[in-house]
Amino acid sequence: MLILLPPSETKAGGGSGAPLDLEALTFPSLTPTRARLLDALVALSQDDGAARAALGLSDGQTDEVERNRALRTAPTRPAIEQYTGVLYDALDVRGLTRAQRAKADARLAVGSALFGAVGAQDPIPAYRLSSGSKLPGLGTLAAAWKPALAEALGAADRGLVVDLRSGGYAALGRVPGAVTATVVTEKPDGSRAVVSHFNKHHKGLLARALVVSRAEPGDARAVVKVAEKAGLHAELSSPTEVTIVTSA
């Protein structure tokens with residue numbers, strides 16, 4: 001099973017790993033595109049103002065530009081520890097047993113505007129680049145990643161793909177037949193609405209359930225069973241979609 005997580009704007013930073021080595025990352029067929037984007041992002045970041053404008057940063061976020069300038073020399077940490085925020089708090093890889101962490105490392109990957117996708121243990125530095133950003137001379141990131149990312153993910157050969165990426169990151173490289181998840185809130189009157197506030201939290205809980213499960217789900221129905229066993233209210237919405245229901 002391959003569980004694709006969305007990245008986060010926030011990063012832990014620091015780390016004790018050696019500087020970035022593109023050749024050491026999972027999905028090696030993505031290396032040429034990664035190298036082009038890395039070169040473009042580092043070059044852009046030599047100009048604070050241009051970088052802030054292109055990346056949608058405020059005047060107070062110069063530190064994000066500085067991180068990008070140092071991408072080739074900065075220390076790294078495993079991707080699953082580099083990304084932070086609500087989803088990663090719910091996933092809580094630091095709270096996993098050694099055996100569960102081994103499963104997490106084997107099953108998890110993270111979508112990335114800069115790297116396309118990285119394995120859980122891939123050593124990466126902190127950076128700032130979003131799926132909707134444009135780099136000078138390269139156009140949209142969706143154009144830069146097509147078709148390389150979709151082909152790499154499709155060729156991963158890890159069984160069922162559970163794609164928890166947000167829309168912008170999924171658009172960089174879609175996986176035909178992947179199981180997706182939607183989080184909705186059910187109100188007292190029975191009506192439902194797609195939620196944003198708790199979306200990341202519940203996707204993190206679902207990812208954790210899939211990581212620690214001894215089962216190897218082969219379809220969306222099996223994903224629902226794993227989610228329910230973990231205490232989530234899950235429903236099968238279609239052959240490739242699971243709905244996580246929360247209460248208002």
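Computed from a prediction, not measured in an experiment: that's the story for all the values here.

A. Broad picture of the layout of surface pockets. By volume, the largest pocket amounts to about 260 Å³. What lines the largest pocket is a set of 17 residues, and nearest its centre among them are Pro6, Pro7, Ser8, Glu9 and Lys200. Looking at side-chain class alone, the lining of the largest pocket contains 7 nonpolar, 6 polar and 4 charged residues. Empty space within the second largest pocket amounts to approximately 180 Å³. In terms of lining residues, the second largest pocket is bounded by Ile80, Glu81, Tyr83, Thr84, Gly85, Tyr88, Asp89, Leu91, Asp92, Val93 and Arg94. Secondary structure elements with two or more residues in the lining of the second largest pocket: helix 4 (79-82) and helix 5 (86-91).

B. Representation of empty space enclosed by the protein in the model. One pass over the structure, following the stated rule, counts 1 cavity of 30 Å³ or more. A volume near 40 Å³ is recorded for the largest cavity. Residues of the lining of the largest cavity, tallied by class, amount to 4 nonpolar, 1 polar and 3 charged.

C. Quick look at the environment of Gly119. As for its position among the elements, Gly119 is in strand 4 (residues 116-119). Counting along the chain gives 40 residues from Gly119 to Ala79, while the straight-line C-alpha distance between them is 7.0 Å. The residues touching Gly119, leaving out its near neighbours within four places in the chain, are Thr26, Ala79, Leu108 and Ala109.

D. The packing of helix 10 (residues 199-212) against helix 11 (residues 220-229), seen in detail. It is the contact of helix 10 with helix 11, at a shortest axis distance of 9 Å, that shows an interaxial angle of 100 degrees. Of the possible angle classes, the one that applies to helix 10 and helix 11 is roughly perpendicular. Judged by residue contacts, Leu206, Ala209 and Leu210 of helix 10 engage Val223, Val226 and Ala227 from helix 11. Of the residues assigned to the contact of helix 10 with helix 11, the class counts are 6 nonpolar, no polar and no charged.

E. Fine view of the side chain of Lys203. In this fold, Lys203 is placed in helix 10. Buried within the structure, Lys203 lacks any salt-bridge partner; Asp163 is the closest side chain of opposite charge, at an N-O distance of 7.5 Å. Leaving out residues up to four positions away in the same chain, Lys203 has contacts with Leu87, Leu164, Arg165, Ala181 and Val183.

F. Here's a closer look at the nonpolar core. Within the largest apolar cluster, 76 residues are counted, with the highest numbers of intra-cluster contacts made by Ile3, Leu5, Ile80, Leu108, Phe115 and Leu129. Filtering out sequence-adjacent residues up to four positions away, Leu5 remains in contact with Ile80, Leu87, Tyr88, Leu91, Leu108, Ala109, Val110, Gly111, Leu164, Arg165 and Ala207.

G. Representation of the environment of Ser238 in the model. With respect to the element layout, Ser238 can be found in strand 11 (residues 234-238). Using a relative accessible area of 23% as the deciding quantity, one classes Ser238 as partly exposed. With 17 residues separating them along the chain, Ser238 and Arg221 place their C-alpha atoms 9.1 Å apart. Here Glu241 takes part through its backbone nitrogen, which lies 3.2 Å from a polar atom of the side chain of Ser238.

H. The arrangement of the pattern of salt bridges in detail. Counted according to the given criterion, the structure contains 12 salt bridges. As a salt-bridge pair, Arg128 and Glu9 come within 2.8 Å of each other at their nearest N and O atoms. Of the two residues, Arg128 is situated in the loop between strand 5 (123-124) and strand 6 (134-135) and Glu9 in the loop between strand 1 (2-5) and helix 1 (31-44); the sequence distance between them amounts to 119 residues. We classify Arg128 as buried; its relative accessible area is 11%. We classify Glu9 as partly exposed; its relative accessible area is 35%. When the shortest N-O distance is used, the salt bridge between Glu64 and Arg128 registers 3.1 Å.

I. Here's a closer look at unusual backbone geometry. Geometrically, the link from Lys146 to Pro147 is a cis peptide bond, its omega value of 0 degrees lying close to zero. Relative to the helices and strands, Pro147 is located in the loop between helix 7 (141-145) and helix 8 (148-154). In this structure, Phe27 takes a positive phi of about 60 degrees despite not being glycine. Mapping Phe27 onto the fold places it in the loop between strand 1 and helix 1. You can call Phe27 buried: its relative accessible area is 7%. One non-glycine residue with positive phi stands out, namely Asp92, at about 50 degrees. In this structure, Asp92 sits in the loop between helix 5 and helix 6 (98-107). A residue is classified by how much of its surface remains accessible, and Asp92, at 34% relative accessible area, is partly exposed.

The rules we used
- Residues numbered from 1 in each chain as written.
- Predicted model: local features only at pLDDT ≥ 70, side-chain atom pairs only at ≥ 80, totals over all residues.
- Heavy atoms only, no water.
- 1 Å grid on protein atoms, 1.4 Å probe; cavity = no way out; pocket = protein on both sides within 12 Å on 5 of 7 lines; lining within 4 Å.
- Points joined across faces, edges and corners; volume = space filled by probe spheres on them.
- Nonpolar A, V, L, I, M, F, W, Y, C, P; charged D, E, K, R; others polar.
- Helix = DSSP H or I, 4+ residues; strand = E, 2+ residues; numbered from the N terminus.
- Contact = heavy atoms within 4.5 Å.
- Axes fitted to C-alpha atoms, helices over the stretch in contact; angles between N-to-C directions.
- Parallel < 35°, antiparallel > 145°, perpendicular 65-115°, else oblique.
- Buried < 20%, exposed > 50% of the residue type's maximum accessible area, 1.4 Å probe, protein only.
- Lys, Arg positive; Asp, Glu negative; His and termini not counted.
- Salt bridge = Lys/Arg side-chain N within 4 Å of Asp/Glu carboxyl O.
- Core = buried A, V, L, I, M, F, W, Y, C linked by side-chain atoms within 4.5 Å.
- Polar contact = N/O pair within 3.5 Å; in protein donor to acceptor, adjacent residues only side chain to side chain.

Purely geometric stuff here, so don't read any function into it on its own.
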